[in-house]
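The lines below spell out each chain.
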Amino acid sequence: MERLQKVIANYGICSRRKAEELISKGHVTVNGKLVTTLGTTVSDKDIIEVDGERINKEQKEYILLFKPRGTVTTTHDDKGRKTVMDYIETDKRVYPVGRLDYDTTGVLLLTNDGELSNMLMHPKAEIEKVYIAKVKGILSGDEINRLKRGVVIDGRKTAPAKVKVQKVDKKAQTSIVEITIHEGRNHQVKKMFERVGHDVLKLKRERLAFLDLKGLKSGEYRYLKIKEVHQLYMLAKK
Ligand code: URA
């Protein structure tokens, strides 16, 4: 935490004395609220504006989390459940790019880069998402083809998907299926399998674009490399 006048001055806008004047004369807001008290302290997370212009741009941060089961993909949960933020230590305002269900595990990207986040989530970007699903029963050839071609969920057909059955347990009557989609509709994978008569018992996102879980255990995270951020921009812009 630092004193507001020091932060303003440090951004090279003006001297400390001038910053104090700006504050006491009512030119400065912190998180949208007018601040005229000189002793006020602020952190990196606070949004400081002088005459309505933001002066402290947050450094961009890009985090790849192996989301564990039993966590909500939000920054705060009213019901007091664990959120993905409980696994991350940061002083930046990062938030998840898209959602994974409470019981879904796997690749989750978090960032404070709103531009990239919006681009990645835009349907036109067609970012690949690879899921491994453990489903009830054994899929027939026809069911696999229906999933590949697209099935109607919530009144609209899904885009073509790649589907590979990886393993079949005849005794337990379950299958492990890899499914690759590029849309991001609500509960999409579960609904797609349900549509062809197979409930999803477990779901994991193995890959988002080229980002996978290599080197991470459940609940662990890493920062993206600059090169990876550039690659994501390139993919999303296509
Ligand atoms: N599809 C789902 O059904 N759930 C997820 O968490 C992600 C994709």
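Residues numbered from 1 in each chain as written. Predicted model: local features only at pLDDT ≥ 70, side-chain atom pairs only at ≥ 80, totals over all residues. Heavy atoms only, no water.

A.B. asks: What should I look at first to understand the side chain of R185 in this one?
C.D. replies: For R185, the position within the fold is in the loop between β14 (174-181) and α5 (188-195). The exposure class of R185 is buried, given its relative accessible area of 16%. At 3.4 Å, the side chain of R185 and the backbone oxygen of K157 are in polar contact. Once residues within four sequence positions are removed from consideration, R185 is found in contact with I153, R156, K157 and T158. (Helix = DSSP H or I, 4+ residues; strand = E, 2+ residues; numbered from the N terminus. Buried < 20%, exposed > 50% of the residue type's maximum accessible area, 1.4 Å probe, protein only. Polar contact = N/O pair within 3.5 Å; in protein donor to acceptor, adjacent residues only side chain to side chain. Contact = heavy atoms within 4.5 Å.)

A.B. asks: Please explain unusual backbone geometry as it appears in this structure.
C.D. replies: Leaving glycine aside, a negative phi is the common case for residues, and trans is the common case for peptide bonds. The backbone of N31 shows a phi angle near 50°, a positive value even though the residue is not glycine. Within the secondary structure layout, N31 lies in the loop between β2 (28-30) and β3 (33-34). Although it is not a glycine, A209 adopts a positive phi angle of roughly 55°. Tracing the sequence through the fold places A209 in the loop between β15 (200-208) and β16 (211-212).

A.B. asks: How do you make sense of the environment of K237 when you look at a structure like this?
C.D. replies: Relative to the elements of secondary structure, K237 occurs in helix α6 (residues 226-237). A residue is classified by how much of its surface remains accessible, and K237, at 60% relative accessible area, is exposed. Distance in space between the C-alpha atoms of K237 and A125 is 6.8 Å, their sequence separation being 112 residues.

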